[in-house]
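Structure at a glance
The residues making up each chain are set out below.
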Amino acid sequence: MRGSRVVALGHYQPAKVLTNDELAAMVETSDEWISSRVGIRTRHVAGPDEPVDELAAHAGAKALAAAGLTPADIDLVLVATSTAIDRSPNTAARVAARLGMGAPAVMDLNVVCAGFTHALATADHAVRAGSSTRALVIGADKMTGVTDWTDRTTCVLVGDGAGAAVVEAAEEELIGPVLWGSVPEMGHAVRIEGTPPVFAQEGQAVYRWATTQLPPIARRVCERAGVTPEELAAVVLHQANLRIIEPVARKIGAVNAVIARDVVESGNTSAASIPMALSKLVERGEIRTGAPVLLFGFGGNLSYAGQVIRCP
């Protein structure tokens, strides 16, 4: 096989929804302040009895069902997350146990908001190399569990959820070459640190970096895949902030593409944001099967990773 493909997608969000007006009763803010600055109106919040691996397993089960597969068909589970509390068993192992899998390889990847696109590239490489037949790739985060609810600059941003993709071998390159990297000396700009861990960021630094440095990198992702930005049917960027998503998408030049804006209803769900937004677009029939879609994750560590895939 020359390449790999995304067979199916799935997503999951906790039932509890937190609105901007409800947040305004908790911290000094307002619906107008939040909407005008980050574009978020609602977010989903997991309860104390809903760990990250549970969110991930729900999304994974939906992706398997959409693919017409059973847990026994998967031999590699990759989970991108930065909010798992325990070191071992890792989240991927717990997902495999929840889904009743046999003996898959299980790995977690912590690249924060760029985690899913890193994990998708890793699955692509494993399938191409022949070390995996079929992989389940999940982005899952419980950002509300690492949030300072007295800090209005960060608590208004976050939400919880998970998105998943099933990846298998293909005769064509239906997952394009990844372009990935980071800015290590700027790793302090997005942090989840301390005991207990707390999310913090330097918002203006992240905004300047994302809106100025990332568009040319995203265009290079398209070049590697052999498509022009004008040919893209959809652009799914990390759902960080509407004020980042819209200018970056415009500067990429994807004039004919559907732009994912799931951040409005889901907030920033870190590694979950790209697969969740993509799954919703596909579920609503907004992207035709086989159409080129740019996935581009960025954020923590000032890391980035992108690839063009063909829509399942």
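Here the structure is a predicted model, which is why all the values come from computation and not from measurement. (Residues numbered from 1 in each chain as written. Predicted model: local features only at pLDDT ≥ 70, side-chain atom pairs only at ≥ 80, totals over all residues. Heavy atoms only, no water.)

Looking now at the nonpolar core. If you look at the biggest cluster of nonpolar residues, it comprises 48 residues, and the most contacted ones within it are Leu232, Leu237, Phe296 and Phe298. Contributing elements (two or more residues each) for this core: helix H2 (31-38), helix H7 (203-225), strand E11 (234-237), helix H8 (242-252), strand E13 (292-299) and strand E14 (303-310). In terms of residue count, H7 provides more of this core than any other element does, eight residues in total. Among all residues touching Phe298, those that are not within four sequence positions of it are Cys113, Ala114, Trp209, Ala210, Leu214, Leu237, His238, Ala240, Ile244, Ser303 and Tyr304. (Core = buried A, V, L, I, M, F, W, Y, C linked by side-chain atoms within 4.5 Å. Buried < 20%, exposed > 50% of the residue type's maximum accessible area, 1.4 Å probe, protein only. Helix = DSSP H or I, 4+ residues; strand = E, 2+ residues; numbered from the N terminus. Contact = heavy atoms within 4.5 Å.)

Under the criterion given, the structure shown has 13 salt bridges. Measuring nitrogen to oxygen at the nearest pair gives 2.5 Å for the salt bridge that ties Arg5 to Glu168. Taken together, the residues Arg5 in strand E1 (residues 3-12) and Glu168 in strand E7 (residues 160-170) connect sequence positions 163 residues apart. In this structure, Arg41 and Asp31 form a salt bridge, with 3.7 Å as the shortest nitrogen-oxygen distance. Residue Arg41 is found in the loop between H2 and strand E3 (42-44), and its partner Asp31 is found in helix H2; the two are separated by 10 residues along the sequence. Connected through salt bridges with shared partners, the residues Arg5, Arg134 and Glu168 form a single ionic network. (Salt bridge = Lys/Arg side-chain N within 4 Å of Asp/Glu carboxyl O.)

A word on the sheet that holds E11. Hydrogen bonds along the backbone pair up the strands of a sheet, which may run parallel or antiparallel. Pairing within the open sheet is mixed, and its five strands lie in the order E8-E14-E13-E11-E12. Two strands bound the open sheet, and with one partner strand each, they are strand E8 (179-182) and strand E12 (258-259). Of the strand pairs in this sheet, E11 and E12 are connected by two bridges, and their pairing is parallel. Counterpart to Ala234 in the pairing with E12 is Val258. Where helix H5 (residues 115-129) meets the sheet, it contacts E8, E13 and E14, and its direction lies at approximately 55° from that of E14. (Pairing = 2+ DSSP bridges. Axes fitted to C-alpha atoms, helices over the stretch in contact; angles between N-to-C directions.)

At a minimum axis distance of 9 Å, the contact between H7 and H8 shows a crossing angle of 30°. In the crossing of H7 with H8, the sense of the turn from one axis to the other is right-handed. Of the residues in H8, those in contact with Tyr207, Ala210, Thr211, Pro215, Ala218 and Arg219 of H7 are Arg243, Ile244, Pro247, Val248, Lys251 and Ile252. Partitioned by chemical class, the residues of the contact of H7 with H8 number eight nonpolar, one polar and three charged. (Left-handed = near helix turned anticlockwise from the far one by under 90°. Nonpolar A, V, L, I, M, F, W, Y, C, P; charged D, E, K, R; others polar.)

Take the side chain of Glu50 next. With respect to the helices and strands, the residue Glu50 is situated in the loop between E3 and helix H3 (52-67). One buried charged residue, Glu50, remains without a salt bridge, the closest side chain of opposite sign being Lys142 at 6.5 Å. Among the polar contacts made by the side chain of Glu50, one reaches the main-chain amide nitrogen of Gly47 at a distance of 2.6 Å. In this structure Glu50 touches Tyr12, Pro14, Val45 and Lys142, once residues within four positions along its chain are discounted. (Lys, Arg positive; Asp, Glu negative; His and termini not counted. Polar contact = N/O pair within 3.5 Å; in protein donor to acceptor, adjacent residues only side chain to side chain.)

Taken as a whole and assessed by the stated rule, the structure comprises three aromatic pairs. A centroid spacing of 6.5 Å and a plane angle of 70° characterise the contact between Trp209 and Phe298, whose relative ring orientation is edge-to-face. Note that Trp209 is positioned in helix H7 and Phe298 in strand E13, a separation of 89 residues in sequence. We classify Trp209 as buried; its relative accessible area is 9%. Its relative accessible area of 1% is what places Phe298 among the buried residues. (Phe/Tyr/Trp six-rings, centres within 6.5 Å; stacked < 30°, edge-to-face > 60°.)

Time to look at helix H10 (residues 273-283). Burial analysis of H10 places nine of its 11 residues in the buried class, the great majority of the element. Those residues of H10 lying buried are Ser273, Ile274, Pro275, Met276, Ala277, Leu278, Ser279, Lys280 and Leu281. One or two positions beyond H10, positive phi appears at Gly285, with a value near 75°.

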